[in-house]
Structure formats: C-alpha cells, structure tokens
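# Structure at a glance
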Amino acid sequence: MRERKKQRTRDALLRAALELFTTKGYEETTVDEIAEAVDVSQRTFFRHFANKEDAAFAVQHMVEARFVQALRERPADEAPFVAMRGAVLGTWEAMSRSIEEVVPVELHMRTYQMIESTPSLLAIHLRRSIETEEEIAHLIAEREGLDIDADPRPRVAVAAFGGVMRVTGRLWGAGEDFSVESIRVLTEQYLDRLGPALAENWRTQ
C-alpha cells in the first residue's frame, strides 16, 4: 500500500507539473507551485524528481526505456532496421497504455510541443536524443557482433532511424489527431520510405 501511495503521489505531481509547464510556461513554473497543486511539500516533490527537468522528461524517458527493452527482445536474426522498426511499431499500443496510466496522451503531446518551443528544454532534448541513440547503437552493434568503434554502420543506421522518429514525432505533434493509430501509420509510412530515399534516384527519367 505504501508503494502504491508513493506511485499515486508521483503521478499526481507529474500531471500537475506538465499542466503547469504547458499552460503557464516551463521557466515561469516553480517547484513550490507544483507541490501546492497536489497539496504536498516541496520536499515531497524532490523525493520523486531531481528537479523540474526530470519531471518534464519523465514520460519521454519511460517511452524511450520501453523502446530499448523492446529492441533487446527482438529476434536475434532480424536485420538492424527490421528490428528497430518492429520494436517501435510493435510497442505503440503498450506505450500508449503506459502513458495513459500516468497522463492523458493529449497532455503528453502538449508537453512535447512545449519542449520543442522552449530553448532550454530543446537543448536538453537534443542532448538526450544523442545519448539515447548512442545506447541503441551499442545495442545494435552487440546484436550484430560488431566493434562499434571500428564499424560505423550501427551509428549510421541508428542516426537515420532516429531522424525519421524525430520528424514523425514533430509532424504528429503539429497535427490534430493524437491517436496511437495516427502516429503508428505516419511512422510506418516514413520508415518504409527511408531505404528508397537513400538509395534511389529521385528524378524521373
């Protein structure tokens, strides 16, 4: 019961933080205001989050961790792009349910838009993306039995895949349909065009 109570408090703090960030502004929101919205102390906030940044990226961190775990569980004989594609497309429903257990998907998307439009958070977002891509590149190298420092392919493949994910996430966030099906379809369409976009001559003969 104690653990469930702690989780409920954390979820309430997270929802309050994201609502304040997206309505009032990240820089303008204080930890005291977040704690007050949930009727807890500032100390309680810091028991669950290291700082405001930690709260702003909490749901994104959960999604990234779920993807990495799904990639680890893909069949060993799958090619890198096939494994990454399968990991992201195969976990959208589970990711959506996990997000909804904490915050509404609509609030998650407003948070994504807020991060993209807040310079200090955008810089952190880009740094985190680089770190996540490096983790995935090491995982791909391990799957393929490669030395990541001797063979550039894992990092190149993950960079291309990560670029597609950033584009589709941005397009989804700028649209009006925040359903899981819409992001799944958009992601699938863009991933399916990645190979041809790199390999084909685009000019009609």
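Residues numbered from 1 in each chain as written. Predicted model: local features only at pLDDT ≥ 70, side-chain atom pairs only at ≥ 80, totals over all residues. Heavy atoms only, no water.

### What about the overall build of the chain?
For clarity, the threshold we go by: The helix and strand labels rest on DSSP assignments: H or I over at least four residues marks a helix, E over at least two residues marks a strand, and numbering proceeds from the N terminus. Working definition: with a 1.4 Å probe on protein chains only, accessible area under 20% of the residue-type maximum means buried, over 50% means exposed, and in between means partly exposed. In what follows, a contact means two residues having at least one pair of non-hydrogen atoms within 4.5 Å. For the purpose of charge, His is not counted, nor are the chain termini; Lys and Arg are scored as positive and Asp and Glu as negative. Positions of charges follow a simple convention, taking NZ of Lys, CZ of Arg, CG of Asp or CD of Glu.
A tally of helices and strands in the chain yields eleven helices and zero strands. Scanning the chain from its N terminus toward the C terminus, one meets helices and strands in the order α-α-α-α-α-α-α-α-α-α-α. Counting only C-alpha atoms and orienting by the principal axes, one finds that the chain spans roughly 65 × 40 × 30 Å. The proportion of buried residues among the 205 residues of the chain is 42%. Restricting the contact set of the chain to residue pairs at least 6 apart, pairs at least 24 apart contribute 65%. Counting 27 positive and 35 negative side-chain charges, the chain places the centres of these two groups 4 Å from one another.

### Regarding helix H9 (residues 119-144)
Applicable threshold: The length a helix should cover is 1.5 Å for every residue beyond the first.
For H9, which comprises 26 residues, the first-to-last C-alpha distance of 37 Å matches the rise-based estimate of 38 Å (1.5 Å per residue) to within 8%. Of all the residues in H9, the buried ones are Leu-121, Ile-124, His-125, Arg-128, Ser-129, Thr-132, Glu-133, Ile-136, Ala-137, Leu-139, Ile-140 and Ala-141. Next to the buried residues of H9 lie helix H4 (52-56), helix H5 (58-72), helix H6 (80-90), helix H8 (105-117) and helix H10 (153-174). Directly beyond the C-terminal end of H9, a positive phi value near 70 degrees is found at Gly-145.

### A few points about the side chain of Thr-187
Relative to the helices and strands, Thr-187 is located in helix H11 (residues 180-199). Aside from chain neighbours lying at most four places away, what touches Thr-187 is Val-88, Leu-89, Trp-92, Met-165 and Thr-168.

### A short note on the packing of aromatic side chains
Here is the rule: Centre distance within 6.5 Å is the pairing criterion for rings of Phe, Tyr and Trp, where only the six-membered ring of Trp is used; planes under 30 degrees apart are then read as stacked, over 60 as edge-to-face, and the remainder as tilted.
Considering all chains together, one arrives at four aromatic pairs under this definition. Their ring planes at 35 degrees and their centres at 5.5 Å tell us that Phe-45 and Phe-49 sit as a pair that is tilted. Classification of Phe-45 as buried rests on a relative accessible area of 0%. Taking relative accessible area as the criterion, Phe-49 reaches 1% and is therefore assigned buried. Measuring from ring centre to ring centre gives 5.9 Å for Phe-67 and Phe-161, while their planes differ by 15 degrees; the resulting arrangement is stacked.

### With respect to helix H2 (residues 31-38)
What counts here: Note that the arc is computed from the directions linking the helix axis to the C-beta atoms.
Turning to H2, its buried residues are Val-31, Ile-34 and Ala-35. What you see down the axis of H2 is that its buried residues fit within an arc of 95 degrees, all on one side. Opposite the packed face of H2, turned more than 90 degrees from it, sit the exposed residues Glu-36 and Ala-37. Buried positions along H2 lie against helix H1 (2-24), helix H3 (42-48) and H4. Where H2 terminates, the next one or two residues include Asp-39, which has phi positive at roughly 65 degrees.

### Some words on the packing of H10 against H11
Just so we agree on the cut-off: Note on method: axes are straight lines fitted to C-alpha atoms, helices fitted across the in-contact stretch only, with angles between N-to-C directions ranging 0 to 180 degrees. It is the rotation of the near helix from the far one that decides the hand of a crossing: anticlockwise by less than a right angle makes it left-handed, clockwise makes it right-handed. Here the term charged refers only to Asp, Glu, Lys and Arg, the term nonpolar to Ala, Val, Leu, Ile, Met, Phe, Trp, Tyr, Cys and Pro, and the term polar to all other amino acids, Gly among them.
At their nearest, the axes of H10 and H11 sit 10 Å apart, and the two run at 145 degrees to each other. In terms of crossing hand, the pair formed by H10 and H11 is right-handed. Mapping the contact onto sequence places Ala-160, Phe-161, Val-164, Met-165, Val-167, Thr-168, Leu-171 and Trp-172 in H10 and Ser-182, Ile-183, Leu-186, Thr-187, Tyr-190, Leu-191 and Leu-194 in H11. Within the contact of H10 with H11, the residues separate by chemical class into twelve nonpolar, three polar and no charged.

### Describing the pattern of salt bridges
Condition: When a carboxyl oxygen of Asp or Glu lies within 4 Å of a side-chain nitrogen of Lys or Arg, that pair is called a salt bridge.
Using the criterion set out here, one finds 14 salt bridges in the structure. One salt bridge connects Glu-33 with Lys-24, and the closest N-O pair in it is separated by 2.2 Å. The partly exposed category is assigned to Glu-33, whose relative accessible area is 25%. Ionic pairing is found between Arg-85 and Asp-192, a salt bridge with its closest N-O pair at 3.0 Å. Of this pair, Arg-85 sits in helix H6 while Asp-192 sits in helix H11, and the two are 107 residues apart along the sequence. Its relative accessible area of 41% is what places Asp-192 among the partly exposed residues.

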